[in-house]
Amino acid sequence: MDCIDELHPPQKKTRSAVWAHFGFRKRNGVINNGDWPICRACGRAVPSKDGSTSNLLHHLRERHPSRYAEMQNKRNSERLVKSEPNDDPVTPNPSVTDTSPTESEASSKWVVVPVPMDTRQVALTDSIVTYIVNGLLPLSTVENKDFITILQLAEPFFTMPSRRDLTQNLIPQRTAAVKNHLINQMQNTSDICITLDLWSNRSMRSFFGMTGHFISNFTLQNVMLSCQRFRGRHSADNICGVYEDILSTYDIKNKVSFIVTDSASNMIKAFNLFPPITVVDGEEEEQDDTSDLHVVNIDEEMMYFPPERSPCFVYTLQLVVRDALDQVGSVKNLLGKIQKLVSFCYKSTLAFEILGDYRLHPGNVARWNSQLKMLKSVLNIPSDVLGQLECPVQLSPTEFKIIQELCVVLEPFEEVTDRCQADKVVTSSLVIPCVRGLRHAVRNMKMTGNNNLVSILQSLVEKHLAKFEEIQCFQMASILDPRFKLDWCIGEEVTTMKDLLMGKVECLSPKLSAGYNDYSGQPKKRPKLFSYMESQSGPSAVAKASHDVIVYLSQPCLAEDVDPLAYWKGNQTSFPELARLACKYLAIPASSAPVERIFSAAGNIFRPERSNLNDKTFEDLLLIKCNSTET
């Protein structure tokens, strides 16, 4: 035991406190057997290859718990000692930032291999994945030293996941959980609406985006189904193929009732109900041979017919206003002049100082609503401030008056755009009332000096927007919205729309009359001679449908700020069939804005410093983020 006191510390400098309890023997001034340090308490040699302290800590904890506890308490007390104040506010105190775990801490960390055992380790890891995905942060965040330091200070026992574990395990597992949740959600609904579009990022890589919209428990659900790499030509066949693959992934092929796309020819062709049949020249007609007949199950084939497709209402409205502005030369020149004024102010530091708190909004030629914001920003700046800018482009009082009139003319179109592309609210019922509201507003507009813009807007509204009034899904949505009902109808439309609603209710359930039978007695059995007679006095599906529709339509319309789905949730027992129809038609989006929002998020992910992100990881990140309930 005397030799234990003669033990020497390791020759290499080490920071671990465990070496105060172990040492080496020396022979002729040289450490003997350097891989087997000796315990100062019991004299036992413990293997420690290449200076590893894991076995030393284990020996101390198991054989000498009092010494191990003393070492731990000493280390914790040293951490609580406050450091001297640092005069340099930029350079942190080294004693504060040097928080790398010691060997004793490393051995005490929560186990993560093969799977995490501690619930806190799992919870923190899930939070980090959520933090990175929702914040659109690079995956290298888990390798950031400052981020690791923060987590180490907050929880020393936490093990930071590696970037490889993030990409190969954690993110794919979260993606699978999100997909399973979406599948379970959509299995409980009978009607799903789809919006889809194509998008190219800065590297000219094409992506196919698709969103799903349905009503669950009278709550509107907007989910992202996919935003995946689209390779090859943007042909109708390729679009339809990707679309069907996504539907198969979620097993909703027979649930899609409506699709909203843009008006591109490939989109229109991809979702034609009966595509044209091409006949090869010289092909002989098949002989009328009964042996070649193929029996087709009509019920099975009908399930695979493409659903009804509608162009994006907001995009069509965008084309109406943009074409009208382009056709009026004086207005187009004025917009160009104002754009030069805005560009000058953005390039001049002196102009920026003169404007002070006033800001000019830059316009985008492709989007008329951004040009309207530009016009309004110019009107918000006093004329004396604009006169101080020393800009080569100056606006006359007449031009200011035209700008004011332009804002008045375009404001109804801006309101319709904002209403119909709103998020997480019912928009399908707004389409027809908005078309008729625009028609009424434009009819009463006037512009001094040049009234061509108003007349062109009138003609373009009739040319491009009137077709939405004939789409039955939008008709049904407006009727089933308790804020509108039939108030938007004119003349004979009231009767026509009422009959349409009654027909939908009658066809909804073949057993409808069974639930509306107040007559408890059994029908009398007629003699054989009169067996051809059918009872006409009992309640029927027609009577039930008429009763529900009449009662619903006779009630006064609700205020504009009332949620229509809340109304149907409260009246689902009174009007069960109407409530089911409302869940089908009110879930339709009026525009493809939901899928455009996905592309906006995708553009934020594909920043220049993340150009090497592979397609699978990109799709997983976007699917998690866009379906997160926290964003």
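Here the structure is a predicted model, which is why all the values come from computation and not from measurement. (Residues numbered from 1 in each chain as written. Predicted model: local features only at pLDDT ≥ 70, side-chain atom pairs only at ≥ 80, totals over all residues. Heavy atoms only, no water.)

Okay, the pattern of salt bridges next. Per the stated rule, a full pass over the model turns up 14 salt bridges. When the shortest N-O distance is used, the salt bridge between E415 and R419 registers 3.3 Å. Taken together, the residues E415 and R419, both in helix α16 (residues 397-420) and four residues apart, mark about one turn of the helix. Exposure remark for E415: the relative accessible area of 44% places this residue in the partly exposed category. Connected through salt bridges with shared partners, the residues R436, R439, E462, E469 and E493 form a single ionic network. (Salt bridge = Lys/Arg side-chain N within 4 Å of Asp/Glu carboxyl O. Helix = DSSP H or I, 4+ residues; strand = E, 2+ residues; numbered from the N terminus. Buried < 20%, exposed > 50% of the residue type's maximum accessible area, 1.4 Å probe, protein only.)

Note on backbone geometry: most residues besides glycine have negative phi, and most peptide bonds are trans. Non-glycine residue F218 carries a positive phi angle of around 60°. Tracing the backbone shows F218 in the loop between β6 (206-216) and β7 (219-229). In this model, D251 sits at a positive phi of 55°, which is unusual for a non-glycine residue.

Of all residues in the protein, 80% attain a pLDDT of 70 or more, and the chain-wide mean is 81. Scored below 50 in pLDDT, residues 103-107 makes 12 contacts in the model with residues more than four places away or belonging to other chains. Every residue in residues 273-304 is under pLDDT 50, and counting partners more than four places away or in other chains gives seven contacts. (pLDDT = per-residue confidence, 0-100. Contact = heavy atoms within 4.5 Å.)

Looking now at the environment of G232. Topologically, G232 is positioned in the loop between β7 and α8 (236-250). Take G232: its relative accessible area is 60%, and that puts it in the exposed class. C-alpha of G232 to C-alpha of S206: the two residues are 26 residues apart in sequence and 8.9 Å apart in space.

Here we take up the side chain of D481. Tracing the backbone through its elements, the reader meets D481 in the loop between α19 (472-479) and α20 (493-508). Polar contacts involving the side chain of D481 include one to the side chain of S429, which spans 2.5 Å. A polar side-chain atom of D481 sits 2.7 Å from a polar atom in the side chain of R483. Not counting chain neighbours up to four residues away, the residues in contact with D481 comprise S429, Y552 and P564. (Polar contact = N/O pair within 3.5 Å; in protein donor to acceptor, adjacent residues only side chain to side chain.)

What follows covers helix α6 (residues 145-154). Every buried residue of α6 is listed here: F147, L151 and Q152. The buried side chains of α6 occupy one side of the element, clustering within an arc of 135° when seen end-on. Of the exposed residues in α6, those oriented more than 90 degrees away from the buried face are K145, D146, I150 and L153. At the N-terminal end of α6, a side-chain oxygen is found 3.0 Å from the backbone nitrogen of D146, two or three residues along, and the residue is N144. (Arc of directions from axis to C-beta.)

Inspection of the entire model under this criterion finds two cavities of 30 Å³ or more. Approximately 120 Å³ is the volume attributed to the largest cavity. Lining of the largest cavity is provided by 21 residues; of these, A422, V425, T427, P589 and P594 occupy positions nearest its centre. In terms of residues, the lining of the largest cavity owes the most to one element, helix α24 (residues 593-605), which gives three residues. Broken down by class, the residue content of the lining of the largest cavity amounts to 12 nonpolar, six polar and three charged. (1 Å grid on protein atoms, 1.4 Å probe; cavity = no way out; pocket = protein on both sides within 12 Å on 5 of 7 lines; lining within 4 Å. Points joined across faces, edges and corners; volume = space filled by probe spheres on them. Nonpolar A, V, L, I, M, F, W, Y, C, P; charged D, E, K, R; others polar.)

Moving on: the packing of α16 against helix α17 (residues 431-443). Axis separation between α16 and α17 bottoms out at 10 Å; the angle between their running directions is 170°. When the axes of α16 and α17 are compared, the pair comes out roughly antiparallel. Packed against α16, whose contacting residues are P412, F413, V416 and C420, the element α17 presents C434, L438, A441 and V442 at the interface. Its residues placed into classes, the contact of α16 with α17 shows eight nonpolar, no polar and no charged. (Axes fitted to C-alpha atoms, helices over the stretch in contact; angles between N-to-C directions. Parallel < 35°, antiparallel > 145°, perpendicular 65-115°, else oblique.)

Below, the discussion takes up the sheet that holds β6. Pairing between the strands of a sheet comes from backbone hydrogen bonds, and it takes one of two forms, parallel or antiparallel. In space, the five strands of this open sheet follow the order β7-β6-β5-β8-β9, with mixed pairing throughout. The sheet is open, and its two edges are formed by β7 and β9 (308-311), each paired on a single side. Neighbour-to-neighbour, the strand axes of the sheet open up by a mean angle of 25°, direction not taken into account. Taken together, the 10 bridges between β6 and β7 define a ladder with antiparallel strand orientation. (Pairing = 2+ DSSP bridges.)

Before going further, it helps to examine the packing of helix α7 (residues 163-187) against helix α25 (residues 615-626). Two numbers describe how α7 lies on α25: the axes approach to 9 Å, and their chain directions differ by 50°. Here α7 is positioned oblique relative to α25, judged by the angle of their axes. Every pair of crossing elements has a handedness; the one defined by α7 and α25 is left-handed. Within the contact between the two elements, α7 uses I171, P172, R174, T175, V178 and K179 and α25 uses D620, L621, L623 and I624. Of the residues contributing to the contact of α7 with α25, the split by class is six nonpolar, one polar and three charged. (Left-handed = near helix turned anticlockwise from the far one by under 90°.)

Time to look at helix α14 (residues 368-379). Its 12 residues place the ends of α14 17 Å apart at the C-alpha level, agreeing with the 16 Å of an ideal helix rising 1.5 Å per residue. Three or more residues of α14 are buried, namely W368, S370, Q371, L372, M374, L375, S377 and V378. Taken together, the buried residues of α14 touch α11 (313-327), α12 (329-347), α15 (383-387) and α16. (Expected span 1.5 Å × (residues − 1).)

This part takes up the environment of I268. Its place among the elements puts I268 in helix α9 (residues 265-270). Taking the relative accessible area as the measure of exposure, I268 reaches 33% and is therefore partly exposed. Along the primary structure I268 and S310 are separated by 42 residues, whereas in three dimensions their C-alpha atoms are 9.1 Å apart. The contact partners of I268, leaving out residues within four places of it in the chain, are S263 and R309.

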